[in-house]
Amino acid sequence: MRGAVKALVVAGVVAMLWAPSQARAEGYISPFAGVHFGNDQIEKKPVYGVNAGWMGAGVIGGEIDFGWAPDAFGESVDNHVLDLMANLIVGIPVGGTRGPGIRPYVTGGLGLIQTVIGSGIDGIDDYDQKDLGFNLGAGAMGFFSDHVGLRGDVRYFRTINDNDSSLDDLDLDLGNFDFWRASVGIVIR
């Protein structure tokens, strides 16, 4: 009986050592700083934010993108541009998902683009526009170790408007507000 128990223990240890490793998702967070361009109203205005997401053991994942541009329209009145997007990300891990390596990627998704411009005058309402929007972009994450690296990307943002106010018909059209964002940041996985 004792021999059978030892044989089962040894067989279990061997099976665990020889078993293929389990596929794991790779979570990450990436604070960034960047600049807007491609729109004369907010050209060269700084933007700050964070991306957080996960990549499957393969090449597809999801991320949340949050960007905040204070004083995007100048410093004379209180204003900002905010984006909050839910994105699909597709990237190929060159060098694997552990240790040093690079992951070029493309990303895109839908979310909120908010534009706020304070009037600065009592009795006159602030301009506060919240629109559905989309973003498309490309970039790369480069890792120096298992957990730390740099990330850079360029993304295009544009609002989407519903031109029909009735609930019966959804008539989506590209909005008038669009911009590009270039950003760099640290990425921690």
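Throughout, residues of each chain are indexed from 1 in the direction in which the sequence is written. Only residues with pLDDT of 70 or above have their local features reported here, since the model is predicted, and side-chain atom pairs are shown and tallied only from 80 upward, although totals for entire chains, interfaces and linings are computed over all residues. Neither water nor hydrogens contribute to the side-chain values; these are computed over all heavy atoms in the structure.

Draft legend 1. Summary view of the overall build of the protein chain. Helix and strand definitions here come from DSSP, where helices need a minimum of 4 consecutive H or I residues and strands a minimum of 2 consecutive E residues; each element is numbered from the N-terminal end. Along its length, the protein chain carries one helix and eight strands. Helices and strands appear in the protein chain in the N-to-C order α-β-β-β-β-β-β-β-β. Buried residues in the protein chain amount to 36% of all 189 residues. By definition, residues are in contact when any of their heavy atoms lie within 4.5 Å. Here the contacts in the protein chain between residues at least 6 apart in sequence split such that 56% fall between residues at least 24 apart. Any residue under 20% of the maximum accessible area for its type is buried, any over 50% is exposed, and the rest in between are partly exposed; the area is computed with a 1.4 Å probe on protein chains only.

Draft legend 2. Highlighting a nonpolar patch on the surface. Within the patch definition used here, like charges are joined within 9 Å and nonpolar side chains (Val, Leu, Ile, Met, Phe, Trp, Tyr) within 5 Å, considering only residues with over 30% relative accessible area and no salt bridge. What sets the accessible areas is the Shrake-Rupley method with a 1.4 Å probe; for residues, cover comes only from the shown protein chains. One side-chain nitrogen of Lys or Arg within 4 Å of one carboxyl oxygen of Asp or Glu is enough to make a salt bridge. A cluster of nonpolar residues, V59, I60, L88, V90, I92, V94, I102 and V106, forms a patch on the protein surface that exposes about 660 Å² of accessible area. Mapped by element, the contributors of at least two residues to the nonpolar patch are β4 (79-91) and β5 (101-117). Checked against the element boundaries, L88 lands in strand β4.

Draft legend 3. Expanded view of the pattern of salt bridges. Scanning all chains against the criterion turns up 10 salt bridges. Here R181 and D65 are joined by a salt bridge, their closest N and O atoms 2.7 Å apart. Here the residue R181 occupies a position in strand β8 (residues 172-188), and D65 occupies one in strand β3 (residues 60-70), the gap between them amounting to 116 residues. A relative accessible area of 0% means that R181 is categorised as buried. The closest approach of N and O atoms between R151 and D153, which form a salt bridge, is 3.7 Å.

Draft legend 4. Here's a closer look at the environment of S30. On the secondary structure map, S30 appears in strand β1 (residues 26-37). Overall, S30 belongs to the buried group, its relative accessible area being 1%. Sequence separation between S30 and G152 is 122 residues, and the spatial gap between their C-alpha atoms is 9.9 Å.

Draft legend 5. Geometry of a negative patch on the surface. His is not counted, nor are the chain ends; Lys and Arg add positive charge and Asp and Glu add negative charge. The atom standing in for a charge is NZ when the residue is Lys, CZ when it is Arg, CG when it is Asp and CD when it is Glu. There is a patch of like negative charges on the surface, built from D71, E75, D78, D125 and D126. Examined against the element boundaries, D126 turns out to sit in the loop between β5 and β6 (127-143).

Draft legend 6. Representation of the side chain of T107 within the structure. Within the secondary structure, T107 is located in strand β5. Since its relative accessible area comes to 6%, T107 is described here as buried. Pairs of N or O atoms are called polar contacts if they sit within 3.5 Å, as long as, within protein, a hydrogen donor faces a hydrogen acceptor (for residues adjacent in sequence, only side-chain-to-side-chain pairs). Within the local environment of T107, its side chain forms a polar contact with the backbone oxygen of L88, the two atoms lying 3.0 Å apart. Beyond its immediate sequence surroundings of up to four residues, T107 is in contact with E63, N87, L88, I89, N135, L136, G137 and R155.

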